[in-house]
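Here is how the chains run, residue by residue.
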There are 2 protein chains.
Amino acid sequence: MKVAVLGFGTVGQGVYEMLQHANGLEPGPVLVRPGKDDAPFKVTDIEAVTGDPAVDAVVEVLGGTEPARSWTEAALRAGKHVVTANKALVAAHGPELAAVAREQGVAFLFSAACGGGVPFLHNLALAAQSDRILSVGGILNGTTNYMLDAMQSRGADYAAVLKDAQTLGYAEADPSADVSGLDALRKIMLACAVAFEKLPTEGLYTEGIEDLTPADVQSFRQMDLTCRLVARGGIGPRGAVFAFVEPTLVPASAAECAVKDNYNLARYEAERAGDIVLMGQGAGRFPTASAVLRDLSDVLCGQRVMMPAGCVRVAADGEGCGHPYYVRLPAELTGQLPVDRIQKDGDTARVVTSSVTVKWMHDTAARLRAQGAKLFFAGIEG
Amino acid sequence: MKVAVLGFGTVGQGVYEMLQHANGLEPGPVLVRPGKDDAPFKVTDIEAVTGDPAVDAVVEVLGGTEPARSWTEAALRAGKHVVTANKALVAAHGPELAAVAREQGVAFLFSAACGGGVPFLHNLALAAQSDRILSVGGILNGTTNYMLDAMQSRGADYAAVLKDAQTLGYAEADPSADVSGLDALRKIMLACAVAFEKLPTEGLYTEGIEDLTPADVQSFRQMDLTCRLVARGGIGPRGAVFAFVEPTLVPASAAECAVKDNYNLARYEAERAGDIVLMGQGAGRFPTASAVLRDLSDVLCGQRVMMPAGCVRVAADGEGCGHPYYVRLPAELTGQLPVDRIQKDGDTARVVTSSVTVKWMHDTAARLRAQGAKLFFAGIEG
């Protein structure tokens, strides 16, 4: 099967290299920007890909929604299988692109868009054929895991570990999508679509790690807990999907604690299979390219469309999940919280709340911040 | 796709139930022993399965090598896809059965034979299409993990935890295949076949957990290490496959430490994807049935044969891997070991050796035991 590659950045180059050695696959043309076409295998016009009858499949690793969306659709309409690593594309246009793929009888797979090298969505889609998925989640952003791991193992502060992450190439010059949790949120949206046939696009809650301080880290240590940035999705008691991202405190026995450096962990719970946990590198040239290549091998074996046929966009229910929270905030504001335990340190209080809904906690934090309060909060698991 | 089931024990019943709810699958006849055919869907003659043109696929969950082998072959020759959970069958006859499946153009998949509900072999086979697998391994026996976890968390002795495991249904009346490591060895043999196209059948080393004492557990705690029964396979420096099972001491940061109770962990390292770790329930009705059902969904998507076409039987190279060992033995025998650290406690010595090969350690232990010595040893990782 001849595979064209749209985009020749970090991941595209990894895909192109891996295509030379993979069983049953061979590299086709690579689409680059005009002026970058310095090799005979490079083309600058999407029609050189969609119009080439020798091309069976297209890998889309451009990132962003345009021109990724229109080119992906053009490839599908030209009868090419498409494998993409682009979470923004699938989160925004996944159901429509999947419908085109179904109509054309070609594959549309996007394992690399969630978990990088961790074979999460592939396994989730396969499990959902015969088992009922109850929840999905995990550590889906390697940049923030590196930063949290460094803050907790070395006691460094946020600014220092962000700088280290940028030096190591783990964080981009503008790290906001990572540190705010947006990147992980897009990934859990995709996991919900695959698991529950529902793509949640509203009612989503995201808390990042920007407000974490070494003093918070010290508190976690006293509680014998470790902080990770965790994404979760599931079906709440009212039958609606919930999905959120927040810093989460986990006990030492949790698999999440074993996730070091910039690694990812993804998990699902299924009615029959129970808890399944997968760990590996969540980003980087070859881990991500590996996920693309596994999808291509999967296409070879028998095309399929990863997004379920009945997948609809829904508003998430932020009241579908609740748990206690750690909240560090100005001491005079503790009356705003249902306090279970409290520790005061001058003007600052560290509270463990009773169990509240995700919506309540995130909304309350937003309200207090709008009034000028500085605070940090993290869900408590287990 | 109509699916017949050979065997109606714990797993067979789980498969039959799951077949009623799986996308694109439906239950067909179930083969049982004469006298057990108390329901209209039950048959007692293999020809009622192989001769039924409505049956597209057969699940083999009989266990053992006969009649599982001849019935599996008959089903494949009748043009039925076969999915099996039978590790003894695949370890003994996998390459020949895979050849028949290829000849007939049908699938032969056996994910459930290694790791139970953990989607290990499926992912390993998929990854091997486009990446070079460097090593495989993990905690592949839930019974012994339950026992080791209980001995280390509760300080109980071997006999007590074995009895608990039997009461809970985790261990059979004759637990020898589990506690000796043979069950895990068969599983790592299959993983080597899938990963390296080489099924190691000789030169394999297995050490179980029968000789572990609470005093050993105490020593592990002092060393800040946790003992797990770990299987490993890989390619040694001479290019030959190695495969072995032995108690292994791992640091608190290892994912293996997060494997509680009767759970399993499987991992592989690939050249491009890096380390991939998978965790879940390794046995039990529905976890194992889930793995069978995932294979069936995979057959639906496009048949394939999991055992590589070029897979040959080889002798493993016990000198292909080495590391330090913890050895508890009579103090007068410590001269037999390359001692790195030693602690004496009356007549008993606890030694940490320098790095030695797996073959050397297992052979030396066998020689000392043949002379009547009581000892326990465990590899030290990380």
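See the structure shown above.
Conventions we followed
Residues numbered from 1 in each chain as written. Chains lettered and ligands numbered in written order. Predicted model: local features only at pLDDT ≥ 70, side-chain atom pairs only at ≥ 80, totals over all residues. Heavy atoms only, no water. Phe/Tyr/Trp six-rings, centres within 6.5 Å; stacked < 30°, edge-to-face > 60°. Buried < 20%, exposed > 50% of the residue type's maximum accessible area, 1.4 Å probe, protein only. Lys NZ or Arg CZ within 6 Å of the ring centre and 35° of its normal. Salt bridge = Lys/Arg side-chain N within 4 Å of Asp/Glu carboxyl O. Helix = DSSP H or I, 4+ residues; strand = E, 2+ residues; numbered from the N terminus. Contact = heavy atoms within 4.5 Å. Polar contact = N/O pair within 3.5 Å; in protein donor to acceptor, adjacent residues only side chain to side chain. Nonpolar A, V, L, I, M, F, W, Y, C, P; charged D, E, K, R; others polar. Least-squares fit on C-alpha atoms with pLDDT ≥ 70 in both. Pairing = 2+ DSSP bridges. Axes fitted to C-alpha atoms, helices over the stretch in contact; angles between N-to-C directions.

(A) Inspection of the packing of aromatic side chains at higher detail. Enumeration according to the criterion identifies 20 aromatic pairs over all chains in this entry. Relative to Tyr16 of chain A, the ring of Phe8 of chain A has its centre 5.8 Å away and its plane inclined at 85 degrees; by these criteria the two rings are edge-to-face. Classification of Tyr16 of chain A by relative accessible area gives buried; the value is 14%. What links up through ring pairs into an aromatic cluster is the set Phe8, Tyr16 and Phe41 of chain A. We note Arg272 of chain A situated over the ring of Phe286 of chain B; from NZ or CZ to the ring centre the distance is 3.9 Å.

(B) Quick look at the pattern of salt bridges. Tallied over the entire structure, the rule returns 47 salt bridges over all chains. Linking Asp298 of chain A and Arg304 of chain B is a salt bridge whose minimum nitrogen-to-oxygen distance equals 3.5 Å. Linking Asp298 of chain A in helix α11 (residues 285-301) with Arg304 of chain B in the loop between α11 (285-301) and β14 (312-315), this pair reaches from one chain into another. Note on accessibility: Asp298 of chain A and Arg304 of chain B belong to one class, buried. A salt bridge links Asp317 of chain B to Arg238 of chain B; the shortest N-O distance between them is 2.8 Å. Remark: Arg238 of chain B occurs in the loop between β10 (225-235) and β11 (241-251) and Asp317 of chain B occurs in the loop between β14 and β15 (322-323); sequence separation between them is 79 residues.

(C) Spatial organisation of the interface of chain B and chain A. Facing the 42 residues of chain B at the interface are 42 residues of chain A. Between chain B and chain A we count four salt bridges in total. Here Glu17 of chain A makes a salt bridge to Arg272 of chain B, at a shortest N to O gap of 2.4 Å. Here chain B is connected to chain A by 12 residue pairs in polar contact (both at pLDDT 80 or more). Secondary-structure elements contributing two or more residues to the side of chain B that touches chain A are α1 (10-19), α5 (120-127), β12 (263-270), β13 (274-281) and α11 of chain B. Considering only residue class, the side of chain B that touches chain A consists of 21 nonpolar, 13 polar and eight charged.

(D) Quick look at the environment of Arg228 of chain A. Residues and elements named next belong to chain A. With respect to the element layout, Arg228 can be found in strand β10 (residues 225-235). What makes Arg228 buried here is its relative accessible area of 1%. In the structure, Arg228 is positioned 82 residues away from Tyr146 in sequence and 9.8 Å away in space, judged by C-alpha atoms. Within the structure, Arg228 has its side chain in polar contact with the backbone oxygen of Cys257 (distance 3.3 Å).

(E) Here's a closer look at the relation of the copies chain B and chain A. Under the fitted operation, chain B is carried onto chain A by 0.0 Å of movement along the axis and a turn of 180 degrees, and the coordinates agree to an RMSD of 0.0 Å. One copy is carried onto the other by what is essentially a two-fold rotation axis. Counting the interface residues of chain B, we find that 100% of their copies in chain A are interface residues as well, pointing to one common contact surface.

(F) Region of the structure containing the sheet that holds strand β3 (residues 42-43) of chain A. Residue and element names in this part refer to chain A. One open sheet holds the six strands; their spatial order is β3-β2-β1-β4-β5-β6, and the pairing between them is parallel. In this open sheet, the two edge strands, each paired with only one partner strand, are β3 and β6 (108-109). As judged from the four bridges shared by strand β4 (residues 57-60) and strand β5 (residues 81-84), these two strands associate in the parallel manner. Note that in β5 the partner of Glu60 across the bridge is Thr84. Contacts from α11 reach β1 (2-6), β4, β5 and β6 within the one sheet, and its direction differs from that of β5 by about 160 degrees.

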